[in-house]
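Residue strings, one per chain:
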Amino acid sequence: MITNSRLSKIIPQTVLALLTLACLLPLLLLTMASFTDEQTLIQNGYSFLPQKFSLASYEYIFKASEAIFRAYGITFFITIVGTFLNIVMTIFLAYPLSRPEVKGRNVVAFIVFFTMLFSGGLVPTYIMYSQIFQIRDTIFALLVPSFLMSPFNVILMRNYFKTNIPEEIVEAAKLDGASELKTLLRVVLPMSSPIIGTVGLMSGLAYWNDWTNGLYYLVKRTDLYSIQNVLTNMLNNAQFLKTATQMQGVNIELGTIPSVGIRMAIAVVALVPVMIVYPFIQKSFVKGIVIGGVKG
Amino acid sequence: MKMATPTSSKTKHRKGPKNIALYLLMIPGLLYLLINNYLPMFGLSFAFKKINYTVGVFESPWVGIDNFRYLFKTSDAYIVFRNTILYNLVFIVLGTVLAITVAILLGQIKKRMLRVYQTSILIPYLLSTAVISYLAFAFLSMDNGFINNSILEPLGMDAVGWYSAPGYWPVILTIIYLWKSFGYSSILYYATLIGIDDSYYEAAVIDGASTWQQIKFITLPCLKSTIITLVVIHLGRMFYSDFGLFYQVPMNNGMLYSTTNTIDTYVYRSLLQLNDVGRSSAAGFLQSILGFVLVLGANTLTRKVDKENALF
């Protein structure tokens with residue numbers, strides 16, 4: 001710690017308090033906007049202390065919008081299933097790469113590592129998935145591309161196994177007659193909760209927040225939209241929809257009405273699960289950043 | 001010893017099938033890498049084809065470098081490469097300075113408040129691009145935005161149409177990038193910083209070192225290898241940009257393209273909105289190849305300067 005009475009007290013506290021506010025205030029503005037009466041919103045714009053509160057936006061979401069619930073359900077589904085598959089595949093690839101008796105493990109590790117240096121990019125990826133694997137407009141579109149396994153996490157986990165699982169313990173389990181799979185499940189994994197937690201967190205966050213797969217691969221099946229896709233779509237189409245609804249008259253269906261307040265309320269709803277989980281995982285999240293941080 | 005012989009022969013006998021299990025475990029992961037990562041690498045050759053979906057990707061004719069000629073016919077290619085590189089340079093410099101500053105400040109904080117600060121500065125990092133674009137909209141919207149309604153209007157200034165004025169966007173996007181990412185990188189630097197032995201600082205103070213001197217001669221040299229590694233990683237990604245930041249936050253607004261269009265948004269728009277596979281695949285090809293060359297270059301350079309910090 002740098003020693004200086006002035007620096008060590010006032011300046012860091014003040015600057016960090018200001019930065020903390022800068023991080024939190026935008027979220028407060030969003031939340032306030034979602035609780036603001038529509039008329040007040042139109043007259044005064046978004047503000048931290050709206051003149052008139054209203055729960056109308058949330059009432060709308062709960063009553064009228066089945067589509068939002070479905071999108072929510074899909075987001076939960078892909079996050080849970082995707083994260084589970086991600087963890088399993090990462091472990092299954094990382095564990096053999098950490099075992100000295102596996103021949104060719106360095107070659108395989110290089111095959112994994114190389115994908116971090118060089119990539120085909122969007123065009124070939126899109127053409128492969130849409131033309132050859134035909135995943136457009138299926139639930140696989142949200143699950144498979146990009147997020148099913150991260151090569152970085154594989155390397156990270158292999159390094160963890162290498163440095164944190166004593167060779168003697170694995171050997172002992174095998175001498176007792178445990179199969180490879182049993183050794184992995186009963187001996188190695190119980191000792192690896194920090195790294196599994198880190199990989200799970202990163203993967204879960206990536207799935208929950210992703211909107212690009214839906215943007216690329218969901219063309220007609222907008223009923224498969226995740227909550228993030230619903231959000232981005234609404235914002236981009238807002239102006240277009242405003243005029244469209246005026247011409248068609250009132251029509252309560254997702255993608256036609258959402259007023260400014262309702263849109264902000266949906267954003268809050270998309271944010272809430274992350275904000276609820278975050279305080280509980282905060283510590284391991286920070287640890288995860290540090291483990292994964294600089295070098296794999 | 002008596003027991004050793006049968007056991008070892010037993011394991012020897014089992015070794016074959018047991019090992020096979022280990023190899024089998026790797027199959028799903030490797031298969032995924034093949035599909036998700038390696039097939040697209042070979043697909044880079046599409047940049048030299050005139051892709052026609054009706055005859056099929058593989059049957060489409062080869063056209064040499066036509067797609068690249070076509071790409072450089074307009075000024076778009078120049079603009080997107082320029083934007084991508086300039087944004088990255090600004091992000092690297094400001095991002096590093098901000099992250100180190102915050103890390104040093106965090107280093108001065110005692111336990112209880114430390115947790116509060118760490119928790120809150122990481123929150124922006126957790127948000128999806130969709131939510132961030134809503135936050136930006138709440139501030140910048142012409143009719144309802146906080147800046148126009150609650151800051152500019154009370155000051156007697158005219159409302160600004162942020163979403164139709166490209167000139168503001170380099171600043172807006174830089175602020176949003178820093179806002180989202182500084183917590184994460186600060187924590188990384190902080191993790192190195194708390195490892196610095198307190199006795200260095202104590203000795204420096206006895207010698208009469210000022211705060212700035214302590215930072216300059218102790219903190220920064222100790223952070224050197226973390227700084228090099230993180231900057232090199234970012235340098236290697238100079239031709240890449242956060243698609244969401246440049247596409248969704250400006251709401252894919254055509255009026256803002258001159259300052260918000262990057263290689264990633266250009267490739268996406270050409271491919272899926274303009275159905276211009278040729279230009280898109282040519283730009284993507286350049287991005288992949290140049291990106292790869294840059295990673296190798298950055299790594300070789302680090303190896304020469306400071307072998308320990310090379311990534312591979």
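Residues numbered from 1 in each chain as written. Chains lettered and ligands numbered in written order. Predicted model: local features only at pLDDT ≥ 70, side-chain atom pairs only at ≥ 80, totals over all residues.

Caption draft 1: Molecular detail of helix 10 (residues 180-188) of chain A. By the burial criterion, the buried members of helix 10 of chain A are Glu180, Thr183 and Leu184 of chain A. The buried residues of helix 10 of chain A occupy an angular sector of 100° when projected down its axis, which confines them to one face. (Buried ≥ 20, exposed ≤ 12 C-beta atoms within 10 Å, placed from the backbone. Helix = DSSP H or I, 4+ residues; strand = E, 2+ residues; numbered from the N terminus. Arc of directions from axis to C-beta.)

Caption draft 2: Focus on the nonpolar core. Among the nonpolar cores identified, the biggest contains 134 residues, and Leu231 and Ala267 of chain A together with Tyr134 and Ala138 of chain B are the most heavily contacted of them. Looking at which element gives the most residues to this core, the answer is helix 14 (residues 260-292) of chain A, with twelve residues. Contact partners of Ala267 of chain A, with chain neighbours within four places excluded, come to Leu30 and Leu231 of chain A together with Val131 and Tyr134 of chain B. (Core = buried A, V, L, I, M, F, W, Y, C linked by C-beta atoms within 7 Å. Contact = placed C-beta atoms within 7 Å.)

Caption draft 3: Quick peek at the packing of helix 4 (residues 66-98) of chain A against helix 11 (residues 193-209) of chain A. Residue and element names in this part refer to chain A. For the pair helix 4 and helix 11, the least separation of the axes is 9 Å and the interaxial angle reads 145°. Note that helix 4 runs across helix 11; the crossing there is right-handed. Side by side, helix 4 and helix 11 meet where Thr75, Ile78, Thr79, Gly82, Thr83, Asn86, Ile87 and Thr90 of the first sit next to Ile196, Val199, Gly200, Ser203, Gly204, Tyr207 and Trp208 of the second. When the residues that make up the contact of helix 4 with helix 11 are grouped by side-chain class, the tally is six nonpolar, nine polar and no charged. (Axes fitted to C-alpha atoms, helices over the stretch in contact; angles between N-to-C directions. Left-handed = near helix turned anticlockwise from the far one by under 90°. Nonpolar A, V, L, I, M, F, W, Y, C, P; charged D, E, K, R; others polar.)

Caption draft 4: Summary view of the interface of chain B and chain A. The interface is formed by 85 residues belonging to chain B together with 84 residues belonging to chain A. Here the side of chain B that touches chain A gets ten residues from one element, more than from any other, and that element is helix 2 (residues 27-42) of chain B. Broken down by class, the residue content of the side of chain B that touches chain A amounts to 50 nonpolar, 32 polar and three charged.

Caption draft 5: Just unusual backbone geometry, in detail. All names here are of chain A. In this structure, Gln134 takes a positive phi of about 50° despite not being glycine. Structurally, Gln134 is set in the loop between helix 6 (122-132) and helix 7 (140-143). Looking at Gln134, the number of C-beta atoms within 10 Å reads 11, which means it is exposed. In this model, Asp137 sits at a positive phi of 60°, which is unusual for a non-glycine residue. Note on placement: Asp137 falls in the loop between helix 6 and helix 7. Taking the C-beta count within 10 Å as the criterion, Asp137 has 16 such neighbours and is therefore assigned partly exposed.

Caption draft 6: Fine view of the confidence of the model for chain B. Residue and element names in this part refer to chain B. In this model, chain B carries an average pLDDT of 88, and 94% of its residues clear a pLDDT of 70 or more. Summarising per-element confidence for chain B, the mean pLDDT is lowest in helix 1 (residues 4-25) (60) and highest in helix 2 (96). Segment residues 1-14 is flagged for pLDDT under 50; beyond a separation of four residues in sequence, or across chains, it makes three contacts in the model. Interface confidence for the predicted complex, given as ipTM, is 0.89, next to a pTM of 0.90. (pLDDT = per-residue confidence, 0-100.)

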